[in-house]
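Letter by letter, the chains look like this.
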Amino acid sequence: MIKQTLLAAAVTAALVAPGTALAVTEAEMAELRQQVQQLKRDYEQRIEALEKRLQQAENTTRQTEDVAVRTAEVAAKAEARSAQAESAAVQASARPASESAFNPAVSVILNGRYGNLSQDPAGYRIAGFAPTGSDISPGKRGFSLGESEIAFAANVDHYFRGTLIATVQPDDTIGVEEGYFQTLGLSHGLTLKAGRFYANIGYQNDIHAHAWDFTDTSLASRAFLGGQFADDGLQLKWLAPTDTFFELGAEAGRGRSFPGSDRDKNGVGSTNLSARLGGDVGSGGAWLVGLSNLRTTARNRSYNDLNALGTQVGNSFSGASNLWVLSGILKWAPKGNDTQTNFKLQGEYFRRTESGSLAYDTAAITPAGTQSGSLNSAQSGWYMQGVYQFMPRWRAGYRYDRLNSDSVKLGLVEAGTLAAADFPIYSRYNPKRNTLMLDFSPSEFSRLRLQVADENSQPGARDKQVFLQYIMSLGAHGAHNF
Amino acid sequence: MNVAIRRLFCCMLPAVLALLAQPALAAVKVFACEPEWGALAQELAGDKASVFSATTALQDAHHIQAKPSLIARVRNADLVVCTGSELEIGWLPPLLRQSGNERIQPGAPGYMEASQFVTRLEIPKSLDRSLGDIHPGGNPHIQLDPRNIAKVAQVLGARLAQIDPANAAVYAARTTDFLARWDAAMRRWDTEAAPLKGLTLVVYHKDSAYLNAWLGMREMGSLEPKPGVPPTTAHLADLVARMQAAPARAIVYMAYNSPQAAEFLSERTKIPAVMLPFTVGGSDKAKDLFGLFDDTLARLLAVAK
């Protein structure tokens, strides 16, 4: 349109100008020229302005296009996100919308082994120490199922958490290993636990068998705790508000198992006090030391023994048992990263004094009948073990066990009523054992183990043991306890 | 004289007040499960918080034990900031249960799982341990996408203000300042990282999913046969064969991984292996969150050439 107007003006000027040229004066010509010049300038300005506007419009379009591209990108991203959200929603809706949605965390431990023992496990004793029988036995020869563990745990509400750990024994009995509730953040560093639980004695007592570094527990745990001490009762722990770990614990319980005994009595049958101190050393080390004192009152705590004539008699102890345990553990991994290699050093020292009365032949099957006298003992024992993960998934370990029975003072023997030979289990002896272990963990949830041991628990009955063991964890992820 | 008195007053007054009203003036104690959240808390709180990081960049956050020093720290913490999504499943719950500290139990303002506030990737469609150590909540290694850091920063800033209302204005100002600096840095990283788009990788563990999503990189395999299972010779041999047929551009492993498997694969296939800091402290240059991404990009760009 602009061009057309311009053209028209030019044509008009061309037609008009020559025709009138003759008639017009020089001055008029100059004026006309000026007017045309003016006209031309006007149009040029307008064209320039219009061109500018065109340019601007073009720019705007380009920007709009850019915005559109970006919007599309954002939309694509949003779409991807909504797809993710959708898949999350699908995941969420896949959860059972029923009562079972609040099912506790369930985990199962499968455990089994093959044992090769040079001595008959039925005759197993730890010479110089009282507990006898299945609690301390090294287990069956040949293939056997270990105890299978089934654990349930969940928060009860915002105050409490409940845990039940049941064991299915290979002889088809079901037991309650632990069954307790504990408080969730009682504040001020306090935690209260009630029910049946492994007592906070030394280091290893409250660790479940599947998390042990060896197939079996230490000789000291067998001799002083009958393997592992779980009691029915209460536990209160207090954690100090310091950056160094310092914890005090107090337990009161029934004292139902060795070194206590079940008894028909009100009140408290066992108390356990403990103190633990721990921290870090360097960039890759962590340590924990503990001291605990378990006091139990046994009533007719029985055991079987052979008298001087070789007759099996049942004896029983009634009295006070006082056990001190000092424990220490040091774990180390290069720069604290234990995935490649790591090392663990663990040791515990036990010292127990007992005083009370010993009843001989409680069933009165020998001619002498039931006799009773005093018993006083001070016994000790310790073990030390080291486990080294030398490459991912592979660990090797060594353990040394040692017990000192010292002499047990028996009133019946000192008075001459019976001979020391009538109490062979209390004859002085220092049992010891060397154990080597190699295990392979294909993943965090499975472990295969080979263990060989040379055990001298009884005079003249050296037991060479070989164990092959598997431990499989199913279900809820286990805790990485220290 | 006047100056001396004023200086004395300035120094003494806070000390006296601190003694009189310790809880109000004491720094917020932050327990961070991983260094990235520790660094973020420090950015947002400055001197108003004392921050403790439970792990270092050289540790695998899956495989930590509830050791005594950590129990002691959780007992005194006002705020626990962790990744969540079951990354700390083995050790955080035992720590919380043994702490006797009600302020940091799940559900309390003092307990925060960072992964709850970002869009999680790789949420498994089926759950079975035969698939390795997978996490029902999705891939928990969220910190290598800076957009996630920004999201978590907003929540963390608000949490700090909730726990310590007296200093709410400080946290708000620091959060705004951090986000502005972070936004600027992200724009810079986006430009710098342009050549990384489409880069193909072999990873060690599936811990770079968020980094890949951000930069548009693609994972072609992992050194671990299954998540959480260390590399096996059989799997590495298989990987060598695959990489010879269709090579990836780079082999990536993180500061806490052993370099052996990556170097083995790199030697056989001539694909360059690159160590990434993974989190704050994972390399000399990854001193803070900005350094973490600067160094991560620099290392990737060096192999992408």
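Residue indices follow the written sequence of each chain, beginning from 1 at its first position. Starting at A for chains and at 1 for ligands, labels are handed out in the order in which the entities are written. Note on the predicted model: pLDDT of at least 70 is required for a residue's local features to be given, and 80 or more for side-chain atom pairs to be given and counted; whole-chain, interface and lining totals, by contrast, use all residues.

A short note on the overall build of chain B
- Strands are runs of DSSP state E lasting at least 2 residues, helices are runs of H or I lasting at least 4, and numbering of each runs from the N terminus. The helix and strand inventory of chain B stands at 11 helices and eight strands.
- Taken over the C-alpha atoms alone, chain B extends approximately 80 × 40 × 30 Å along its principal axes.
- Within chain B, the proportion of its 305 residues that are buried is 51%.
- At a minimum sequence separation of 6, the contacts of chain B that also span at least 24 residues come to 63%. Our exposure labels follow a C-beta count within 10 Å of each residue's own C-beta, placed from the backbone: buried means 20 or more other C-beta atoms, exposed means 12 or fewer, and partly exposed covers the counts in between. Whether two residues are in contact depends on their C-beta atoms, placed from the backbone: they are in contact if these lie within 7 Å.

Looking at the overall build of chain A
- Helix and strand content of chain A: four helices and 18 strands.
- Counting across all 482 residues of chain A, residues that qualify as buried make up 31%.
- Sequence-distant contacts, at least 24 apart, represent 61% of the contacts inside chain A between residues at least 6 apart.

A few points about the nonpolar core
- Only buried Ala, Val, Leu, Ile, Met, Phe, Trp, Tyr and Cys residues enter a nonpolar core, and they are joined through C-beta atoms within 7 Å. Of all hydrophobic cores here, the largest spans 95 residues; its most connected members are V30, L40, A41, V80 and V81 of chain B.
- Beyond its immediate chain neighbours, meaning those up to four positions away, V81 of chain B contacts V30, A32, C33, W37, A41, M112, A114 and L156 of chain B.
- Of all hydrophobic cores here, the second largest spans 39 residues; its members include A199, F229, Y360 and L418 of chain A.

A closer look at the sheet that holds strand β7 (residues 250-254) of chain B
Residue and element names in this part refer to chain B.
- The strand order across the open sheet built from four strands is β6-β5-β7-β8, with neighbouring strands paired in parallel fashion. Sheet topology places β6 (218-222) and β8 (273-276) at the edges, where each strand pairs with a single neighbour. Sheet twist, expressed as the average angle between the axes of neighbouring strands with direction ignored, equals 35°.
- Of the strand pairs in this sheet, strand β5 (residues 200-203) and β6 are connected by four bridges, and their pairing is parallel. If you follow V203 over to β6, its bridge partner there is S222.
- This element, helix α10 (residues 260-269), spans β5, β7 and β8 of the sheet and lies at about 170° to β7. For two strands to be treated as a pair, DSSP must find no fewer than two bridges joining them. Axes here mean lines fitted to C-alpha atoms, for a helix over just the part in contact, with angles spanning 0 to 180 degrees between N-to-C directions.

Thoughts on helix α6 (residues 146-163) of chain B
Residue and element names in this part refer to chain B.
- In this analysis, the expected span of each helix is defined as 1.5 Å times one less than the number of residues it contains. Look at α6: 25 Å from first C-alpha to last across 18 residues, which is about the 26 Å you get at 1.5 Å a residue.
- Considered for burial, the residues of α6 that qualify are P146, N148, I149, V152, A153, L156, G157, R159, L160 and I163. The buried residues of α6 occupy an angular sector of 165° when the element is viewed end-on, so they sit on one face. Each C-beta atom gives one direction from the helix axis, and the arc is the one those directions make.

Some remarks on the interface of chain A and chain B
- Facing 42 residues of chain A, the contacting portion of chain B comprises 38 residues.
- The element contributing the most residues to the side of chain A that touches chain B is helix α2 (residues 26-94) of chain A, with five residues.
- Residues are sorted three ways: Asp, Glu, Lys and Arg are charged, Ala, Val, Leu, Ile, Met, Phe, Trp, Tyr, Cys and Pro are nonpolar, and all the rest, Gly among them, are polar. Across the side of chain A that touches chain B, the residue classes break down as 13 nonpolar, 21 polar and eight charged.

Digging into the environment of G132 of chain B
All names here are of chain B.
- Its location among the elements puts G132 in the loop between β4 (111-113) and α6.
- What makes G132 partly exposed here is the crowd of 17 C-beta atoms within 10 Å.
- When the C-alpha atoms of G132 and G228 are compared, they prove to be 6.3 Å apart, with 96 residues separating the residues in sequence.
- Filtering out sequence-adjacent residues up to four positions away, G132 remains in contact with K226, P227, G228 and V229.

Looking at the packing of helix α3 (residues 35-45) of chain B against helix α7 (residues 168-192) of chain B
Residues and elements named next belong to chain B.
- With their axes 7 Å apart at the nearest point, α3 and α7 run at an angle of 115° to one another. Each of E43, L44 and A45 in α3 lies in contact with α7, whose residues at this interface are Y171, R174, T175 and F178.
- Here the contact of α3 with α7 is composed, by residue class, of four nonpolar, one polar and two charged.

Things to note about the packing of α6 of chain B against α7 of chain B
Residue and element names in this part refer to chain B.
- Their axes nearest at 9 Å, the elements α6 and α7 cross at an angle of 175°. Judged on the interaxial angle alone, α7 and α6 are roughly antiparallel. Taking contact as the criterion, the partners of P146, I149, A150, A153, Q154, G157, L160 and A161 in α6 are, on α7, A168, Y171, A172, T175, F178, L179, W182, M186 and W189.
- A class-by-class count of the residues in the contact of α6 with α7 yields 14 nonpolar, three polar and no charged. Angle categories are assigned with fixed cut-offs, so that under 35 degrees is roughly parallel, over 145 is roughly antiparallel, 65 to 115 is roughly perpendicular, and the rest are oblique.

Quick notes on the sheet that holds strand β2 (residues 49-53) of chain B
Residues and elements named next belong to chain B.
- Reading across the sheet, the four strands line up as β2-β1-β3-β4 and stay open at both edges, with parallel pairing between neighbours. The open sheet terminates on both sides in strands that have one partner only, identified here as β2 and β4. The sheet shows a mean angle of 20° between the axes of neighbouring strands, direction not considered.
- Pairing analysis gives three bridges linking strand β1 (residues 28-32) to strand β3 (residues 79-82), with the strands arranged parallel. Counted as the bridge partner of V30 is L79 from β3.

Concerning the pairing of strand β8 (residues 245-253) of chain A
All names here are of chain A.
- Residues F245, E247, G249, E251 and G253 line the buried face of β8, whereas the alternating positions F246, L248, A250 and A252 sit on a face that is not buried.
- Across seven bridges, strand β7 (residues 230-239) lies against β8 in antiparallel orientation. Bridging across to β8, L236 finds its partner in A250.
- Both β8 and strand β9 (residues 270-281) contribute to a ladder of nine bridges, which runs antiparallel. Paired with E247 across the two strands is R276, which belongs to β9.

What to know about the confidence of the model for chain A
Residue and element names in this part refer to chain A.
- Note: pLDDT gives the predictor's confidence per residue, expressed from 0 to 100. On average, residues of chain A carry a pLDDT of 86, and 86% of them reach 70 or more.
- Long-range and interchain partners of residues 9-23, a stretch whose pLDDT sits below 50, account for two contacts in this model, where long-range means more than four residues apart.
- In the predicted structure, residues 89-93 sits below a pLDDT of 50 and forms one contact with residues beyond four places in sequence or in another chain.

Brief notes about the domain arrangement of chain B
Residues and elements named next belong to chain B.
- An automatic or database domain assignment provides the domain bounds reported here. On domain assignment, one finds that chain B holds domain 1 (25-188) and domain 2 (194-304).
- If you average the C-alpha positions of domain 1 and of domain 2, the two centres end up 25 Å apart.
- Between domain 1 and domain 2, the contact holds 29 residues from the first and 24 residues from the second.
- Residue contributions to the side of domain 1 that touches domain 2 peak at five residues, all from α3.
- Looking at side-chain class alone, the side of domain 1 that touches domain 2 contains 13 nonpolar, eight polar and eight charged residues.

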